[in-house]
Amino acid sequence: MAYKLYIPGPINVSEKTYKAMATPIMGHRMPEFAELAGNVVPRMQQLFYTKDPVFLSTSSSWGIMEGSLRNVTQKAVLNCGNGAFSDKWFDVAKRCGKDAEFLQFDWGKPVDPEAVDKALSTGKFDSITIIHNETSTGTMTDIAAVMEVVRKYPEVISIVDTVSSFSTLPIKKDELGIDVMVTGSQKALACPPGLSFLSVSDKAMERASKTEGRGYYFDFLEFKKFFDKNQTPSTPVISLIYAINSKLDDIFAEGVENRYARHAANNKLVREWGYNHGFKLFPEEKYGSVALNCFANNLEIDIAGVNSELKKRYNMAIDGGYGKLKGKTFRISNMGDETQESMKELLGNLDTILAEFKK
Ligand SMILES: *Cc1c(COP(=O)(O)O)cnc(C)c1O
């Protein structure tokens, strides 16, 4: 059964996008492919707010999250962890054989710029990982404040995951001084999973050129060599590149600012709905994500039961909590193409079910 997805990724994909994926493919060394990539890349650069290249990677985001470490970390990496994805990044760094240190924050708390400053001031690190929007807890870090600190340490290459926040609000890569910024297709870009995007600064390219053990598949230098020809190093997921090309048409037709405003309004609608039911937000309100709401299950409702009724009766799905927060929280995404009407439809269905579960 295909549910209408209100989970925080993968999210609902439009008919138009699916149709775009059915476009017959070409050879990836043909001029027709270069034309397609040439349509996608400059528009992605606009969304990244960058003059740097944006590479297309045929992988989910973890591929380039791992790959980035292999390209830039020589001395040691500081992994800022405040939820499931960011905590895992520390584990991934160790698995890559990197000297890694974990800067830990409670789940639901943002990355604290002062703590980052203190850690970087030791001079131990040449790289740092930060997740802008920790999807597992619906927590958004003040990335401008963190980058203000990171910029004081020119030897430190910043790798910032914007996987679940990208295109829900402006994240101005060049202005913030982010070296490597990473995102994926299946969150707010509303495409199926399997394609990811990374934009790499000159400084990070320079570091990569002197880093041993970059491997092949995610080597920044390989990406760059083919980027210059509007190509990718190996055969890419062409159907998904058609999908993002179509989605970029949608995004720019809507207007980027309008899209941000729509996400903010939909997010507010859901948040107020939750408050009206007596739920608390899991993170501190000020750091609540604009891409999703993660509510605490302070009313101790059978969330799994609610979700299974939602699926059965209405063919829709929310998320019942990530990892150790399963049952203790629930998450509702407002990423992608959702409107006030489509969000209200979900919330109305949840009202009906909650009335039965709240007794
Ligand atoms: C979904 C997500 C990822 C992982 O993406 P994959 O596509 O599964 O590799 C990484 N970081 C964040 C913040 C995410 O939301």
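(A) Seen up close, helix α12 (residues 303-314). The terminal C-alpha atoms of α12, which comprises 12 residues, lie 16 Å apart, in line with the 16 Å expected from a rise of 1.5 Å per residue. Among all positions in α12, only Ile303, Gly305, Val306, Asn307, Glu309 and Leu310 are buried. Remark: Asn315 follows α12 within two positions and exhibits a positive phi of approximately 65°.

(B) Focus on the site of the ligand. Around the ligand there are 13 residues in total, and Ser60, Thr135, Asp161, Gln186 and Lys187 lie nearest to it. Between the ligand and the protein, one listed contact pairs an oxygen atom with a side-chain N or O atom of Ser60 at 2.6 Å. Between the ligand and the protein, one listed contact pairs an oxygen atom with a side-chain N or O atom of Gln186 at 2.7 Å. With the chains in place, 90% of the 380 Å² that the ligand exposes on its own is no longer accessible. When residues of the shell around the ligand are assigned to their parent elements, the largest contribution, 3 residues, is made by helix α3 (residues 61-72). Of the residues that constitute the shell around the ligand, the class distribution is 5 nonpolar, 6 polar and 2 charged.

(C) The arrangement of unusual backbone geometry in detail. Here Gly9 and Pro10 are connected by a cis peptide whose omega angle stands at -5°. Structurally, Pro10 can be placed in the loop between β1 (4-5) and α1 (15-21). Located in the positive-phi region is Tyr49, a residue other than glycine, with phi close to 50°. With respect to the helices and strands, the residue Tyr49 is situated in the loop between α2 (31-48) and β2 (54-57).

(D) The side chain of Thr135, seen in detail. Among the structural elements, Thr135 can be located in the loop between β6 (133-134) and β7 (139-140). Judged by relative accessible area, Thr135 falls into the buried class, the value being 5%. Apart from the residues within four sequence positions on either side, Thr135 is in contact with Pro8, Phe85, Ser164, Leu292 and Arg331.

(E) Main features of the packing of α3 against helix α4 (residues 84-95). Contact geometry for α3 and α4: axes closest at 10 Å, N-to-C directions at 50°. What the angle tells us is that α3 and α4 run oblique. Handedness of the α3/α4 crossing: right-handed. Residues Trp62, Met65, Glu66 and Leu69 of α3 pack against Phe85, Lys88, Trp89, Val92 and Ala93 of α4. Looking at the contact of α3 with α4 residue by residue, the class counts come to 7 nonpolar, no polar and 2 charged.

The rules behind each value
Residues numbered from 1 in each chain as written. Predicted model: local features only at pLDDT ≥ 70, side-chain atom pairs only at ≥ 80, totals over all residues. Heavy atoms only, no water. Helix = DSSP H or I, 4+ residues; strand = E, 2+ residues; numbered from the N terminus. Expected span 1.5 Å × (residues − 1). Buried < 20%, exposed > 50% of the residue type's maximum accessible area, 1.4 Å probe, protein only. Near = heavy atom within 4 Å. Polar contact = N/O pair within 3.5 Å; in protein donor to acceptor, adjacent residues only side chain to side chain. Areas by Shrake-Rupley, 256 points an atom, 1.4 Å probe, with all protein chains shown as cover. Nonpolar A, V, L, I, M, F, W, Y, C, P; charged D, E, K, R; others polar. Contact = heavy atoms within 4.5 Å. Axes fitted to C-alpha atoms, helices over the stretch in contact; angles between N-to-C directions. Parallel < 35°, antiparallel > 145°, perpendicular 65-115°, else oblique. Left-handed = near helix turned anticlockwise from the far one by under 90°.

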